[in-house]
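# Observations on chain architecture
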Amino acid sequence: MPNIYLSPSTQEKNFYVNGGTEEEWMNRLADALVPYLTACGIRYTRNTPDMTAASSIRQSNQGDYDLHLALHSNAAPEGLYGQRRGIIVFYYPGSFQGQRCAQLIADGFKNIYPLPNDVRTAPSTTIGEIRKVQATSVFLELGFHDNLDDAVWIKSNIDASARSIALSLTEFFELPFLTPAAYRKAVVDVNWGNLNIRDTPSTSSPVVIQAPDGASLTVINQYRDWYVVRYEGVVGWAYGDFITLV
């Protein structure tokens, strides 16, 4: 399964012009994104508000992640407060995968942001969560929180933004996009051996864990004949013919 490091802003002193902080609203965005990640079978590790950018980078570099996704909102330079709008998705120059992921995220936001021509990607060698992260990384600046129109838009479009990001990530990882569904209990139903729980919904995909006959599973979602399941804390894809809902 794809495994990402999810890093919403920890900047508690960056205030929105209409109330709240960058840390608060980017964590709300992460809260809304998590159910989509789980529904689509994307594993994640998330930083916490008491961390810093530096400690988030360290934690990310200690793991084996397919993507480091930083969620932030922007502010104009002194003298231009409130005068700028737009969404920027940063990536490290020369990183094909980083640029590809950034472009997919930007393309998604062009469909929901009121000024699509002001949504763009950009390379960066100065942002720590781009430059110092070992994994492929993208750094989202979701509008300008010192601009009233952008601040209102961000707050009013948390779920739409989360859905857009998740859809872009499923395109990036070549997974089906699934919306969150109620979890269901199930058991493994095989007449031989173990049930293979795989990385993606394909019989040629790597096996991430095996479950014996009669083992209890949690079914998170369904795509055609495949289930997204959780077994012993591991999320993966399992073929539906060998699972019985209870």
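Criteria and thresholds
Residues numbered from 1 in each chain as written. Predicted model: local features only at pLDDT ≥ 70, side-chain atom pairs only at ≥ 80, totals over all residues. Heavy atoms only, no water. Helix = DSSP H or I, 4+ residues; strand = E, 2+ residues; numbered from the N terminus. Rg over C-alpha atoms; globule rule 2.2 N^0.38 Å. Buried < 20%, exposed > 50% of the residue type's maximum accessible area, 1.4 Å probe, protein only. Contact = heavy atoms within 4.5 Å. Areas by Shrake-Rupley, 256 points an atom, 1.4 Å probe, with all protein chains shown as cover. Lys, Arg positive; Asp, Glu negative; His and termini not counted. Charge placed at Lys NZ, Arg CZ, Asp CG, Glu CD. Phe/Tyr/Trp six-rings, centres within 6.5 Å; stacked < 30°, edge-to-face > 60°. Lys NZ or Arg CZ within 6 Å of the ring centre and 35° of its normal. Expected span 1.5 Å × (residues − 1). Patch = residues over 30% accessible without salt bridge, like charges linked within 9 Å, V, L, I, M, F, W, Y side chains within 5 Å. Salt bridge = Lys/Arg side-chain N within 4 Å of Asp/Glu carboxyl O. Pairing = 2+ DSSP bridges. Right-handed = clockwise from strand over helix to strand, strands pointing away.

A count of helices and strands for the protein chain gives 6 helices and 13 strands. Here the C-alpha atoms of the protein chain give a radius of gyration of 19 Å, agreeing with the 18 Å that 2.2 N^0.38 yields for 246 residues. Seen along its three principal axes, the alpha-carbon backbone of the protein chain occupies a region of about 70 × 35 × 30 Å. The buried share of the protein chain, taken over its 246 residues, is 51%. If you take every contact in the protein chain between residues at least 6 apart in sequence, the share linking residues at least 24 apart comes to 71%. Total accessible area on the protein chain is roughly 11,300 Å²; 47% of this is exposed by carbon and sulfur atoms. The positive charge centre, built from 19 side chains, and the negative charge centre, built from 25, are 2 Å apart in the protein chain.

Moving on, we get to the packing of aromatic side chains. By the definition in use, this model includes 8 aromatic pairs. Taken together, a centroid distance of 6.1 Å and an interplanar angle of 70° make the contact between W192 and F242 edge-to-face. Of this pair, W192 sits in the loop between β7 (184–188) and β8 (194–198) while F242 sits in the loop between β12 (234–239) and β13 (243–245), placing them 50 residues apart in sequence. Through successive ring pairs, a cluster of aromatic residues spans W192, W226, Y239 and F242. Sitting over the face of the ring of W25, R28 holds its NZ or CZ atom 4.1 Å from the ring centroid.

Bringing unusual backbone geometry into the picture now. Phi is positive for E174, close to 60°, though the residue is something other than glycine. Relative to the assigned elements, E174 resides in the loop between α6 (158–173) and β7. On the basis of relative accessibility, which here comes to 67%, the residue E174 falls in the exposed class.

Over its 18 residues, helix α1 (residues 22–39) runs 26 Å from end to end, which matches the ideal 26 Å to within 8%, given 1.5 Å per residue. Among the 18 residues in α1, 14 count as buried, and that is most of the element.

Turning our attention to a nonpolar patch on the surface. On the surface, a cluster of nonpolar side chains totalling about 250 Å² of accessible area is made up of V17, L148 and V152. As for its placement among the helices and strands, V152 is situated in helix α5 (residues 148–156). Its relative accessible area of 40% is what places V152 among the partly exposed residues.

Where strand β4 (residues 87–91) and strand β5 (residues 119–123) come together, 5 bridges link them in parallel fashion. Opposite I88, over in β5, you have R120 as the bridge partner. With respect to chirality, the unit in which β4 leads through helix α3 (residues 96–110) into the neighbouring parallel β5 is right-handed.

To continue, consider the environment of G20. Relative to the elements of secondary structure, G20 occurs in the loop between β1 (3–8) and α1. Sequence separation between G20 and H145 is 125 residues, and the spatial gap between their C-alpha atoms is 9.7 Å. When sequence neighbours within four positions are dropped, the list of residues in contact with G20 reads N14, F15 and W25.

On to the pattern of salt bridges, then. Under the counting rule described, the total for this entry stands at 3 salt bridges. The salt bridge partner of R85 is D150, with a shortest N-O separation of 2.7 Å. One end of the pair, R85, is in the loop between β3 (67–74) and β4; the other, D150, is in helix α5, and 65 residues separate them in sequence. Exposure remark for R85: the relative accessible area of 25% places this residue in the partly exposed category. The class of D150 is buried, set by a relative accessible area of 0%.

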